[in-house]
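Per-entry structural report
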Amino acid sequence: MKKIYLDHAATTPVRKEVLEAMRLYFSEKFGNASSLHSFGKDAKEALSKSRKTIAKIINARANEIIFTSGGTESNNLAIKGVAFANRDKGNHIITSKIEHPAILKPCKWLEKQGFKVTYLNVDKYGVVNPKDVEKAITKNTILVSIMHANNEIGTIEPIAEIGKICKKHKILFHTDAVQSFGKLPINVKKMNINLLSASSHKIYGPKGVGMLYVNRKVNIEPILHGGGHEYKLRSGTENVAGIIGFAKAVELATKEMKKEGERQIKLRNKLIKEISKIKDSYLNGHPTFRLPNNINFWFKGVEGESLLLRLDEKGIAASTQSACSSSSLKPSHVLTAIGLSHEQSHGSLRLTLGKENTEQDINHVLEVLPQIINSLRKISPFKW
Ligand SMILES: *Cc1c(COP(=O)(O)O)cnc(C)c1O
């Protein structure tokens, strides 16, 4: 049975060009970038080249790219680093209810340290209204953090408008771009973004690598202290091979962005159109302002976990964000924020496309999904 992976929002395989680029840096070119001998110099040069590649793609400068261990660390550095460095200016942070836990949890933690956080509501499509951002600003606001695209429902946020508002009020703006980086064009200058998080393993690079773009003028403190690597913002010997792989993945994703995006949009739209024909199925997220690779539906009278297991039996790897999938029984905070009830969110399914998915894969999903839903509804404990 052919296995069909439709969970690219969770992680992606390392592509072979990336693996190839990394290989040398595990073996012959194993040096520590801080060493002064030729081994060190090789590593340092490779790092510097990677930094330039990544900076250029978002219209930043090389010395504004801080390599980290991934999206989670970048978000933590952005939120906590800015909060503590700007404490004398104010203690208020604005974010949204649909952020990734790597934003929400640091915010919750900061509340315990005396900071105040506003968690903005979103509309039924998961869109943050820029006017709500502006209304929430107080004289104590130091940071706004709104994600570029949501990892569960794929909704793309109006970050350029939010950036403009932040600039007008002289407030720092951070965006978690982990899901959009390499998929949507980003220009930090044009969009007035002061800090931006990205991760390598969501775009066919290795796991455990990411970056935080930090505009030169931003006041920020490190959260890891030590040897002063990464412009004193992130101590620790750099993951040279990982960073090389990340840069290669970024380079390839950028080159293929337009064509691959258009290809995925076609497949996505076909899936949305056909799945909508299943009785009592509803699209989660925005119909058009959504990631090229994201499909998210809820099915009345269906339990998401059972749906996943049945799909898995047919070789299809999908995801439910009902969060029973993680350790808690709580419904997804994102689906709750867009107005789904507990039951509705537990009947939701996320499919996220990748570059190796074909039209045939999509046809296979469209063949088996309606049958599975029908059979699950027959045995459903829910009344509907
Ligand atoms: C995956 C993800 C993260 C976390 O990134 P890691 O590199 O896995 O730590 C953060 N934000 C969003 C939106 C994500 O999708």
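Structure: above.
For clarity, every value in this text was computed on a predicted model and none was experimentally measured.

Quick word on the sheet that holds strand E6 (residues 172–176)
What the seven strands build is an open sheet, ordered E2-E8-E7-E6-E5-E3-E4; its pairing is mixed. Whereas interior strands pair on both sides, the edge strands pair on one side only; in this sheet they are strand E2 (65–68) and strand E4 (116–120). Taken pair by pair, the neighbouring strands of this sheet meet at an average axis angle of 20°, ignoring direction. Pairing of strand E5 (residues 141–145) with E6, which is carried by three bridges, proceeds in the parallel orientation. Bridge pairing in E6 links Ser-145 to His-174.

Some details on the layout of surface pockets
Empty space among the atoms can be located by rolling a probe the size of a water molecule over them. Empty space within the second largest pocket amounts to approximately 570 Å³. The wall of the second largest pocket is formed by 26 residues, among which Lys-170, Ile-171, Leu-172, Asn-194 and Lys-217 lie closest to the centre. Counting residues per element, the ones that place at least two in the lining of the second largest pocket are E5 and helix H6 (159–168). Broken down by element, the lining of the second largest pocket gets its largest block of residues, three residues, from H6. When grouped by side-chain class, the residues that make up the lining of the second largest pocket number nine nonpolar, nine polar and eight charged.

Section: the site of the ligand
For the ligand, the set of nearby residues contains 13 residues, the closest of which are Thr-72, Asp-176, Gln-179, Ser-199 and Lys-202. Between an oxygen atom of the ligand and a side-chain N or O atom of Gln-179, the distance comes to 2.7 Å. Relative to its unbound accessible area of 390 Å², the ligand is 88% covered by the protein chains. The dominant element in the shell around the ligand, judged by the number of residues it contributes, is helix H3 (residues 71–85), at three residues.

What about helix H11 (residues 359–378)?
Over its 20 residues, H11 extends 30 Å from the first C-alpha to the last, a length consistent with the 28 Å expected when each residue adds 1.5 Å. Burial in H11 covers these residues: Asp-361, Ile-362, Val-365, Leu-366, Val-368, Leu-369, Ile-372, Ile-373, Leu-376 and Arg-377. Those residues of H11 that are buried lie in contact with strand E1 (4–5), helix H7 (240–275), strand E10 (294–299), helix H8 (304–313), strand E11 (316–317) and strand E12 (348–352).

Focus: the sheet that holds E10
Strand order in this open sheet of three strands is E9-E10-E12, and the pairing throughout is antiparallel. The strands lining the two open edges of the sheet, one partner per strand, are strand E9 (281–283) and E12. Taken over all neighbouring pairs, the strand axes of this sheet differ in orientation by 25° on average, direction set aside. In this structure, E9 lies alongside E10, joined through three bridges in antiparallel fashion. Within E10, the residue paired with Ser-281 across the bridge is Phe-299. This element, H7, spans E9, E10 and E12 of the sheet and lies at about 10° to E10.

Comments concerning the packing of aromatic side chains
With the rule as written, the count across this model stands at six aromatic pairs. Between the aromatic rings of Phe-84 and Phe-115, the centroid separation amounts to 5.5 Å while the plane-to-plane angle is 80°, which identifies the pairing as edge-to-face. Note that Phe-84 is positioned in helix H3 and Phe-115 in the loop between helix H4 (101–112) and E4, a separation of 31 residues in sequence. For Phe-115, a relative accessible area of 3% puts it in the buried group. Through a chain of ring-to-ring contacts, the aromatic side chains of Phe-84, Trp-109 and Phe-115 assemble into a single cluster.

Let's talk about the side chain of Ser-96
When you line up the elements, Ser-96 lands in strand E3 (residues 92–96). Here Ser-96 falls in the buried class, since its relative accessible area comes to 0%. In this structure the side chain of Ser-96 is engaged in a polar contact, spanning 3.2 Å, whose partner is the backbone nitrogen of Ile-98. There is a polar contact of 2.8 Å between the side chain of Ser-96 and the side chain of Glu-99. Excluding anything up to four places from it in sequence, Ser-96 contacts Leu-104, Tyr-119, Leu-120, Val-128, Ser-145 and Ile-146.

Remarks on a positive patch on the surface
A surface patch of like charges, here positive, comprises Arg-61, Lys-167, Lys-189 and Lys-217. Here Lys-189 shows up in the loop between E6 and strand E7 (195–199). Owing to a relative accessible area of 40%, Lys-189 belongs among the partly exposed residues under this scheme.

Details of the packing of H3 against H4
At a minimum axis distance of 9 Å, the contact between H3 and H4 shows a crossing angle of 30°. Classified by the angle their axes make, H3 and H4 are roughly parallel. Regarding H3 and H4, the two cross each other, and that crossing is right-handed. On the side of H3, the interface is formed by Thr-72, Asn-75, Asn-76, Ile-79, Lys-80, Ala-83 and Phe-84, while H4 contributes Ala-102, Ile-103, Pro-106, Cys-107, Trp-109 and Leu-110. Considering only residue class, the contact of H3 with H4 consists of nine nonpolar, three polar and one charged.

Digging into H7
Between its first and last C-alpha atoms H7 spans 44 Å; for 36 residues at 1.5 Å apiece the expected length is 52 Å, and the helix comes up short by more than 12%. Remark: the principal bend of H7, roughly 65°, maps to Met-257.

Let's talk about empty space enclosed by the protein
Applying the stated criterion across every chain, the model contains two cavities of 30 Å³ or more. Considered as a void within the structure, the largest cavity measures approximately 220 Å³ in volume. For the largest cavity, the lining is made up of 19 residues, of which Gly-182, Lys-183, Tyr-204, Glu-260 and Gln-264 are closest to its centre. Of the residues in the lining of the largest cavity, the class split is six nonpolar, seven polar and six charged.

Criteria and thresholds
Residues numbered from 1 in each chain as written. Predicted model: local features only at pLDDT ≥ 70, side-chain atom pairs only at ≥ 80, totals over all residues. Heavy atoms only, no water. Pairing = 2+ DSSP bridges. Helix = DSSP H or I, 4+ residues; strand = E, 2+ residues; numbered from the N terminus. Axes fitted to C-alpha atoms, helices over the stretch in contact; angles between N-to-C directions. 1 Å grid on protein atoms, 1.4 Å probe; cavity = no way out; pocket = protein on both sides within 12 Å on 5 of 7 lines; lining within 4 Å. Points joined across faces, edges and corners; volume = space filled by probe spheres on them. Nonpolar A, V, L, I, M, F, W, Y, C, P; charged D, E, K, R; others polar. Near = heavy atom within 4 Å. Polar contact = N/O pair within 3.5 Å; in protein donor to acceptor, adjacent residues only side chain to side chain. Areas by Shrake-Rupley, 256 points an atom, 1.4 Å probe, with all protein chains shown as cover. Expected span 1.5 Å × (residues − 1). Buried < 20%, exposed > 50% of the residue type's maximum accessible area, 1.4 Å probe, protein only. Contact = heavy atoms within 4.5 Å. Phe/Tyr/Trp six-rings, centres within 6.5 Å; stacked < 30°, edge-to-face > 60°. Patch = residues over 30% accessible without salt bridge, like charges linked within 9 Å, V, L, I, M, F, W, Y side chains within 5 Å. Salt bridge = Lys/Arg side-chain N within 4 Å of Asp/Glu carboxyl O. Lys, Arg positive; Asp, Glu negative; His and termini not counted. Charge placed at Lys NZ, Arg CZ, Asp CG, Glu CD. Parallel < 35°, antiparallel > 145°, perpendicular 65-115°, else oblique. Left-handed = near helix turned anticlockwise from the far one by under 90°. Bend = angle between axes of the 7 residues up to and from the residue.

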